Amino acid sequence: MRKFLLLSLTVVLATLVSGASVNAQNARGKSIDVSREILPIPEEYKKPAKEQGEIVRFDYKVGNGEKYACVYLPYGYDETTRYEIYYVMHGGGDKVDKVLGAPGSSIEFKNALDHLIANGVIKPIIVVAPTFNDSARLRGVQNGMFGDVGAFPQELAQDLMPKLEAKYGTFAETTDEEGLKNSRDHRAFGGFSMGAVTTWNVLCEDLRYFATFMPISGDAWQVKPMGGKDATNETVAALVDAVKKQGYGKDDFIVYAITGDRDIALPNLDPMMQIMQKSEDGVFGDNVYYRVKKGGFHTIPALQEYLYNAFQDLYRP
Ligand code: FER
C-alpha cells in the first residue's frame, strides 16, 4: 500500500512538474510553451563558440539565372546524418546574407546557434537563408502575386529545396515530391516582415513540404497588403481555403507567430492571430501559437532573438 501511494505521488508530481513547464505535445509531436518570456540572446552566446558550425554558400539555378542561399551547417556536420532543416526569409529591402551572415562569416546570431548546439540546448540543425529578391524576374513570372514574394514559393519548391536537400543531410530520403512530402515534419519555414508575407504564401502553396510555419512580424497579404489589419476575416478565410484546397487540416501543421509589442507590424498581425487561435474551422485553432515580446521592435536583431527562443521549442534534444 505504502509503495502504491509513493508511486502514485511520484506520478502526480511528475505530471504536475512537466505540465507546469511544458505543454502537452501537439499533433506534430512538439511541446511548445508560449507562456515563457522571450529572453535576449545571452552576451556569452554572442561570442565565438569553441565548437563552430559554418555559413556556406549554396548556388542554384532559377530560370536562366543564378542565385545563392546562405546555409548554416552545425559543428561536426556530416552529410550522412539526418538534420532538421529551417528556412528563414529576410525582410523587404534586405539581402540574402542579412539573417545568418555572409558565407564564411560568424555574426553574433551564428555564434548563438553554435552555443545552443554545443550546450545541448537544441539539436544540431541546418538553417537556410534564401532570398526572394529577383524571384519573379528570373522565373519569368509577370503577374505573380506581389512580385517576388509571390513567385518565391514555386522557386522554393522547384528550384531550391530539391537541389539543396539532395546535397545536404536532411530527412528527405529522396528530393522528389514523395521524399520531400514524407519529410515535412522535419522542415520549417519562417520569415521576417516581407519574409513573413512570404511565409504565409508558402503555407498557401507548399504545405505538402512543411509542417511548421513561423511568420515573424508580418501579416498575410492573400486579400491585400496589410489585409491582416484591414480585411482580417477575409484574410483568415483565404488562408483556411488555401489550406483546405491543399488537402490539409489543423492536425497537419503548426503556425508559430512572433512579434513585439513595439513592432510596427503588430497592428497587422495581431488581429489575424486573435481570430486564428480561437478558430474552430478545422484548419486553425490549437495548432496556432502566438508570442509577443515586450519591448520588441521591427528589426533583424529582434528576428534573431525570436529565432533563438523559438528554436528551443522546435529543436529540443
Ligand atoms: C507587415 C507586413 C510586411 C508590415 C510590413 C511589411 C509594418 C513589409 C514592409 C516592407 O518591407 O516594405 O505587416 O507591417
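Residues numbered from 1 in each chain as written. Predicted model: local features only at pLDDT ≥ 70, side-chain atom pairs only at ≥ 80, totals over all residues. Heavy atoms only, no water.

### Examining the nonpolar core
Argument step 1. In terms of nonpolar packing, the biggest core is built from 56 residues, with Tyr87, Trp200 and Phe284 touching the most fellow members.
Argument step 2. Of all the elements, helix H5 (residues 148-167) adds the most residues to this core, at seven residues.
Argument step 3. With near-sequence residues (within four places) excluded, Phe284 lies in contact with Leu203, Val236, Leu239, Val240, Val243, Lys250, Phe253, Val255, Met276 and Ser279.
Argument step 4. Residues Cys70, Val99, Ala112 and Ala129 belong to the second largest nonpolar core, which totals 39 residues. (Core = buried A, V, L, I, M, F, W, Y, C linked by side-chain atoms within 4.5 Å. Buried < 20%, exposed > 50% of the residue type's maximum accessible area, 1.4 Å probe, protein only. Helix = DSSP H or I, 4+ residues; strand = E, 2+ residues; numbered from the N terminus. Contact = heavy atoms within 4.5 Å.)

### Comments concerning the side chain of Gln222
Argument step 1. Along the chain, Gln222 turns up in the loop between strand S6 (212-216) and helix H8 (227-230).
Argument step 2. A distance of 2.7 Å separates the side chain of Gln222 from the side chain of Asn201, its partner in a polar contact.
Argument step 3. Apart from the residues lying within four places of it in its own chain, the contact partners of Gln222 are Met145, Phe146, Trp200, Asn201, Cys204, Ala238 and Leu239. (Polar contact = N/O pair within 3.5 Å; in protein donor to acceptor, adjacent residues only side chain to side chain.)

### Some words on the domain arrangement of the chain
Argument step 1. Along its sequence, the chain is carved into domain 1 (1-30) and domain 2 (36-314).
Argument step 2. Each partner contributes to the interface: domain 1 provides four residues, whereas domain 2 provides eleven residues.
Argument step 3. Here domain 1 and domain 2 share an interface that buries about 660 Å² over both sides, 44% of which is from carbon and sulfur atoms.
Argument step 4. A per-residue breakdown of the area domain 1 buries against domain 2 is headed by Asn26, Arg28 and Lys30, which together make up 83% of the total.
Argument step 5. Summed over the shared surface of domain 1 and domain 2, the number is one salt bridge.
Argument step 6. A salt bridge links Asp185 to Arg28, with the shortest nitrogen-to-oxygen separation between them at 2.8 Å.
Argument step 7. Residue composition of the side of domain 1 that touches domain 2, by class: one nonpolar, one polar and two charged. (Domains from an automatic or database assignment. Buried area = accessible area lost by both parts, 1.4 Å probe. Salt bridge = Lys/Arg side-chain N within 4 Å of Asp/Glu carboxyl O. Nonpolar A, V, L, I, M, F, W, Y, C, P; charged D, E, K, R; others polar.)

### Observations concerning the side chain of Asn201
Argument step 1. Mapped onto the secondary structure, Asn201 falls in helix H7 (residues 194-205).
Argument step 2. Judged by relative accessible area, Asn201 falls into the buried class, the value being 0%.
Argument step 3. When near neighbours in sequence (up to four residues on either side) are disregarded, Asn201 contacts Met145, Phe146, Val149, Gly150, Pro153 and Gln222.

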